[in-house]
Amino acid sequence: MLDDNDRDEVLALLDSDPVANVFVSSRVRAVGLNPARLGGQMWGFGPRGGLVSLCYAGANMVPVNAGPEAVHAFADRARKQGRRCSSIVGPVDAVSLLWERLEPHWGRARAIRWAQPVMATSSKSPVAADPRVRRVRPEEFDVLLPACVAMFTEEVGVSPNLGDGGALYRTRVAELIRIGRSYARIDDGRVVFKAEVGAVTPHACQIQGVWVAPELRGRGYAVAGMAAVVEAAMSCFAPVVSLYVNDYNHAARAVYRKVGFREIDTFMSVLF
């Protein structure tokens, strides 16, 4: 298990693929490697001074640069520790092998997303940005929250209000608003489009939570809204903007391509 003494080496490894590792890298840059602050443990594979692979083991389990030998070591530790995460997510080769090793011990997953294209852009969008998409203000929390809950439920298959009544999820939504990483088009008190910049490093950022009100889908709000968010993200956060999407969500993939995103990798998610 790694700690703050390993921070520089961990960040160097994460920065070797800044788009794929943006989530884990953003967490380490924000809070370091102390488990109490990180919200989980960081496991290293290889000797200190020669780390080969990492695994973030928190609410999500995320393998980093993990070949078969590292995956087997991480799976062995995870099996002995017992499942503490709500998902496993990361590059498809590592996650598929990790799940192959863990499924006999952890039992069936609630859902498996076998292929999730990772998409990225570093160029200004070729389509016009929606000028009405802007940062959400703190006083608009109650307006935005139902759209966030709807998006999460539609995407993940369960409501974020289960378990703790939604307290942790509400805290995260409020935090993204507070730090200026929540964007939306709000017309007459109704959210038309929304998205958040969920992870940020100096090299890349990751968009999450893209949602259009169901009755307004197919009218171009997503394309223009995403163009606005990409423009804002490049201006305020990082030169590369990324996201990942389910392979079967053809409509979303078409939107992202129109905005200028290109597929560069494939993730896989196991949801519990």
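Thresholds applied
Residues numbered from 1 in each chain as written. Predicted model: local features only at pLDDT ≥ 70, side-chain atom pairs only at ≥ 80, totals over all residues. Heavy atoms only, no water. Helix = DSSP H or I, 4+ residues; strand = E, 2+ residues; numbered from the N terminus. Rg over C-alpha atoms; globule rule 2.2 N^0.38 Å. Buried < 20%, exposed > 50% of the residue type's maximum accessible area, 1.4 Å probe, protein only. Contact = heavy atoms within 4.5 Å. UniProt positions renumbered as here; feature names shortened; annotations may be inferred. Salt bridge = Lys/Arg side-chain N within 4 Å of Asp/Glu carboxyl O. Axes fitted to C-alpha atoms, helices over the stretch in contact; angles between N-to-C directions. Parallel < 35°, antiparallel > 145°, perpendicular 65-115°, else oblique. Left-handed = near helix turned anticlockwise from the far one by under 90°. Pairing = 2+ DSSP bridges.

- Going by the annotation in an unreviewed UniProt entry, the name recorded for the protein chain is GNAT family N-acetyltransferase, with Nonomuraea monospora given as the source organism.

**Structural notes on the overall build of the protein chain**
Here is step 1 of the chain: A count of helices and strands for the protein chain gives 9 helices and 11 strands.
Here is step 2 of the chain: The C-alpha radius of gyration of the protein chain comes to 18 Å, within 12% of the 19 Å expected for a compact globule of 272 residues.
Here is step 3 of the chain: Of all 272 residues assigned to the protein chain, the portion counted as buried reaches 49%.
Here is step 4 of the chain: Restricting to contacts in the protein chain with at least 6 residues of sequence separation, those with at least 24 account for 68%.

**Details of the UniProt feature "domain: N-acetyltransferase" (unreviewed entry) in the protein chain**
Here is step 1 of the chain: Sites flagged by UniProt as "domain: N-acetyltransferase" (unreviewed entry) map to residues 131–272.
Here is step 2 of the chain: Counted over residues 131–272, helix gives 38% and strand 30%. Its end C-alpha atoms are 39 Å apart.

**Quick look at the pattern of salt bridges**
Here is step 1 of the chain: The final tally for this structure, using the stated rule, is 19 salt bridges.
Here is step 2 of the chain: Here K194 and E196 are joined by a salt bridge, their closest N and O atoms 2.9 Å apart.
Here is step 3 of the chain: Classification of K194 as buried rests on a relative accessible area of 0%.
Here is step 4 of the chain: Beyond isolated ion pairs, a larger network of salt bridges with shared partners links D130, R132, R185 and D187.

**Concerning the packing of helix 1 (residues 7–14) against helix 2 (residues 22–31)**
Here is step 1 of the chain: Viewed as axis vectors pointing N to C, helix 1 and helix 2 meet at an angle of 155°, and their least axial separation amounts to 10 Å. Between helix 1 and helix 2, the interaxial angle falls into the category roughly antiparallel. Relative to helix 2, the crossing made by helix 1 is left-handed. Between helix 1, through R7, V10, L11 and L14, and helix 2, the contact on the second element is made entirely by V24, S25, V28 and R29.

**Brief notes about the sheet that holds strand 2 (residues 53–57)**
Here is step 1 of the chain: If you walk across this open sheet you meet the 11 strands as 1-2-3-4-11-5-10-9-8-7-6, and the pairing is mixed. Among the strands making up the open sheet, the edge pair consists of strand 1 (41–45) and strand 6 (134–135).
Here is step 2 of the chain: Sheet topology note: the strand 5 (residues 111–121)/strand 11 (residues 262–271) ladder contains 8 bridges and is antiparallel. Opposite A111, over in strand 11, you have L271 as the bridge partner.
Here is step 3 of the chain: Sheet strands touched by helix 7 (residues 167–178): strand 7 (182–187), strand 8 (190–200) and strand 9 (204–212). Its angle to strand 8, the strand with the most contacts, is close to 85°.
Here is step 4 of the chain: In the packing of helix 8 (residues 221–236) onto the sheet, contacts are made with strand 5, strand 6, strand 7, strand 8, strand 9 and strand 10 (240–244), and the angle to strand 8 comes to roughly 35°.

**Considerations on the packing of helix 6 (residues 141–156) against helix 7**
Here is step 1 of the chain: Helix 7 packs onto helix 6 with a crossing angle of 120° between their chain directions and a minimal axis gap of 10 Å. Judged by the inter-axis angle, helix 6 sits oblique to helix 7. Along this stretch, helix 6 crosses helix 7, giving a crossing that reads as right-handed. Together, F141, L144, L145, C148, V149, M151 and F152 of helix 6 and Y169, R170, V173, A174 and I177 of helix 7 make up the contact between the two elements.

**Some words on the pairing of strand 2**
Here is step 1 of the chain: Where burial is concerned, most of strand 2 is hidden: 5 out of the 5 residues are buried.
Here is step 2 of the chain: Side chains S53, C55 and A57 project from strand 2 onto one buried face, and the interleaved L54 and Y56 project onto a second face that is buried too.
Here is step 3 of the chain: With 4 bridges joining them, strand 2 and strand 3 (residues 60–64) adopt antiparallel strand pairing. By the bridge assignment, A57 is partnered in strand 3 with M61.

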